Amino acid sequence: MLHALETHLCIVGYLDAAQLVDRLDNIIGATNLFTRFHSMLPEAERPEHTAGYEGFYHIEGVSSTVDHATARYIVRDHSAGKFAQKIDRLHRIADFMNADLGEDRVHVEIEQQYRNMAEIVADYPQLIDAAKQAFEAAGVEANVIPIRGGTDGAQLSFRGLPCPNLSTGAYCCHGVNEFIPVSSLERMVDVLEQLVALFARS
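Novice: What is the right way to look at the packing of helix 2 (residues 30–39) against helix 3 (residues 80–101) in this model?
Specialist: Packed helices, taken two at a time, are described by the angle between their axes plus the distance between the axes. Put simply, helix 2 and helix 3 touch, their axes get as near as 10 Å, and they point 135 degrees apart. What the angle tells us is that helix 2 and helix 3 run oblique. As for the relative orientation of helix 2 and helix 3, their crossing is right-handed in sense. Contacts from L33, R36 and F37 of helix 2 reach helix 3 at L90, I93, A94, F96, M97, D100 and L101.

Set out below in structure tokens:
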């Protein structure tokens, strides 16, 4: 599980139609400003270059004209410290560009999504042990790995219900090719039945 946020980037450009004829030096193109902002984010920290516990910046979408640009980023990291550094970098890039422009044209808005459930679940190791036992009882090998999602479990955990993530058996999650075999669904039902029985006996 990891820390997650959405970043909304807003860039205001400037263009007077008359400047296209005789004065190009004062044109401030919002699209160019966006590409400049994006280029300052480390390429090695994009999702396609990261795995496991490594965090990333993921641009979800851009809408841009010459005088206005908006972009939406997803930022993720398992480490609270590195997550804070990523947030700080976004603000520092905006501050740098605004100082260079001599006016505030680049605006970064942060919307927190969820925090790493490990902060809560770490105090309840018996939940992880119970999940492992349920998998074993259902004849499924438990494989504890970092995941780069898990919104529901994180929200529940921080609202007082510690909730580690269990697999569903799906593949290619959140992609256009996401799917889950019926056999995986059936095995996970077995696991859940074992988990309920385990808690009923305790």
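After that view, the rundown keeps rolling.
Novice: Help me out: how do you make sense of the sheet that holds strand 4 (residues 106–114) in this one?
Specialist: Hydrogen bonds between backbone groups are what pair the strands of a sheet, and the pairing can be parallel or antiparallel. As summarised here, the arrangement of the four strands in space is 2-3-1-4, forming an open sheet in which the pairing is antiparallel. Both outer strands of the open sheet, strand 2 (56–64) and strand 4, are each paired with one neighbouring strand and no more. Averaged over all pairs of adjacent strands, the angle between strand axes in this sheet comes to 15 degrees, irrespective of strand direction. The pairing of strand 1 (residues 3–12) with strand 4 spans eight bridges and is antiparallel. The partner of E6 across the bridge, within strand 4, is E111. Against the sheet, helix 3 makes contact with strand 1, strand 2, strand 3 (68–77) and strand 4, and its axis sits at roughly 165 degrees relative to strand 4, the strand it touches most.

Novice: How do you make sense of the pairing of strand 1 when you look at a structure like this?
Specialist: Both faces of the sheet carry side chains from a regular strand, because those side chains alternate between them. Taking burial as the measure, the ten residues of strand 1 include seven buried ones, the bulk of the element. Strand direction decides the pairing type here: strand 1 and strand 3, joined by ten bridges, are antiparallel. When the bridges of strand 3 are listed, H8 appears paired with R72.

Novice: Sorry, what's going on with the packing of aromatic side chains here?
Specialist: Think of a pair of aromatic rings as described by two things: how far the centres are apart, and how the planes are tilted against each other in angle. Taken as a whole and judged by the stated rule, the model has two aromatic pairs. With centroids separated by 6.3 Å and ring planes inclined at 50 degrees, the aromatic side chains of F37 and Y73 adopt a geometry described as tilted. Of the two residues, F37 is situated in helix 2 and Y73 in strand 3; the sequence distance between them amounts to 36 residues. Under the relative-accessibility criterion, Y73 is labelled buried at 1%. Ring centres of Y171 and F179 lie 5.1 Å apart, and the angle between their planes is 10 degrees; this geometry places the pair in the stacked category. F179 gets classed as partly exposed once you look at its relative accessible area, which sits at 42%.

What counts, and at which threshold
Residues numbered from 1 in each chain as written. Predicted model: local features only at pLDDT ≥ 70, side-chain atom pairs only at ≥ 80, totals over all residues. Heavy atoms only, no water. Axes fitted to C-alpha atoms, helices over the stretch in contact; angles between N-to-C directions. Helix = DSSP H or I, 4+ residues; strand = E, 2+ residues; numbered from the N terminus. Parallel < 35°, antiparallel > 145°, perpendicular 65-115°, else oblique. Left-handed = near helix turned anticlockwise from the far one by under 90°. Contact = heavy atoms within 4.5 Å. Pairing = 2+ DSSP bridges. Buried < 20%, exposed > 50% of the residue type's maximum accessible area, 1.4 Å probe, protein only. Phe/Tyr/Trp six-rings, centres within 6.5 Å; stacked < 30°, edge-to-face > 60°.

Shape is all these values report; function is a separate question.
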